Amino acid sequence: MATTAASKPPLVQKVRGLTGEVVKFGIVGLSGVVINFAVFWVCINGLGLASLRSNIAATVIAIATNYLGYRYWLYRDRDAASRKREITLFLVFSGIGMLIETGVLAFTVYVLHLDSHYEQLGAKVIGLAVATVFRFISYRTWVFTALPEPEPAVADAASGQELAAQAELMLATEQIHYAKAE
């Protein structure tokens, strides 16, 4: 069967859906950023850890909280059939994002010699911004994959079977009603 124009969502609907996804991604990400920066600040100021160790610790904690937000709120309707694959890919892409963020911080501290706590925070902001774009694209493309849409022929066959079942039910009801009337 040919696919009708009504079965394909219009571009406006796709953009609206992507906008909502970006907003939710931003909310989960913002909570992760707050956690990330709070832990980073405590580690470099309160615990006296080096900036790179502090960044790694803060990012790992933020990754864990973000996974919960992405899986159970933003991408809850996505395919979760293979959690092991999902978690593995999430950790791989989050790790790459952490390397991006830590690389920018290391470049700022060790190459540019900008090592005050506020300069480190500035480098962390830049690294986090670049890593966030990478994470958004990779999470939605490879980690939290959309459920496959049914083939039009399969959907038509399913609706045909459903229609036949309803017709049989109506006939059975009519036969019972007719038998009671006699």
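Residues numbered from 1 in each chain as written. Predicted model: local features only at pLDDT ≥ 70, side-chain atom pairs only at ≥ 80, totals over all residues. Heavy atoms only, no water.

## Observations regarding the overall build of the chain
Per the secondary structure count, the chain includes five helices and zero strands. Helices and strands appear in the chain in the N-to-C order α-α-α-α-α. In the chain, which comprises 182 residues, the share counted as buried stands at 29%. Of the contacts formed within the chain by residues at least 6 apart in sequence, a portion of 74% connects residues at least 24 apart. Total accessible area on the chain is roughly 11,800 Å²; 70% of this is exposed by carbon and sulfur atoms. (Helix = DSSP H or I, 4+ residues; strand = E, 2+ residues; numbered from the N terminus. Buried < 20%, exposed > 50% of the residue type's maximum accessible area, 1.4 Å probe, protein only. Contact = heavy atoms within 4.5 Å. Areas by Shrake-Rupley, 256 points an atom, 1.4 Å probe, with all protein chains shown as cover.)

## Brief notes about the packing of helix 2 (residues 51–74) against helix 3 (residues 83–111)
When two helices pack together, their arrangement is given by the angle between the helix axes and the distance between those axes. Two numbers describe how helix 2 lies on helix 3: the axes approach to 10 Å, and their chain directions differ by 145°. Between helix 2 and helix 3 the crossing geometry is right-handed. A per-class count over the contact of helix 2 with helix 3 returns 15 nonpolar, six polar and four charged. (Axes fitted to C-alpha atoms, helices over the stretch in contact; angles between N-to-C directions. Left-handed = near helix turned anticlockwise from the far one by under 90°. Nonpolar A, V, L, I, M, F, W, Y, C, P; charged D, E, K, R; others polar.)

## Regarding unusual backbone geometry
Comment: phi is negative for the bulk of residues other than glycine, and the bulk of peptide bonds are trans. The backbone of H113 shows a phi angle near 55°, a positive value even though the residue is not glycine. Structurally, the position occupied by H113 is in the loop between helix 3 and helix 4 (117–143). A residue is classified by how much of its surface remains accessible, and H113, at 59% relative accessible area, is exposed.

## Points about the environment of K124
Tracing the backbone shows K124 in helix 4. Using a relative accessible area of 0% as the deciding quantity, one classes K124 as buried. Filtering out sequence-adjacent residues up to four positions away, K124 remains in contact with N36, F37, F40, N55, T59 and E101. Separated by 2.4 Å, the side chains of K124 and E101 make a polar contact. (Polar contact = N/O pair within 3.5 Å; in protein donor to acceptor, adjacent residues only side chain to side chain.)

Any functional reading would require information beyond the geometric quantities listed.
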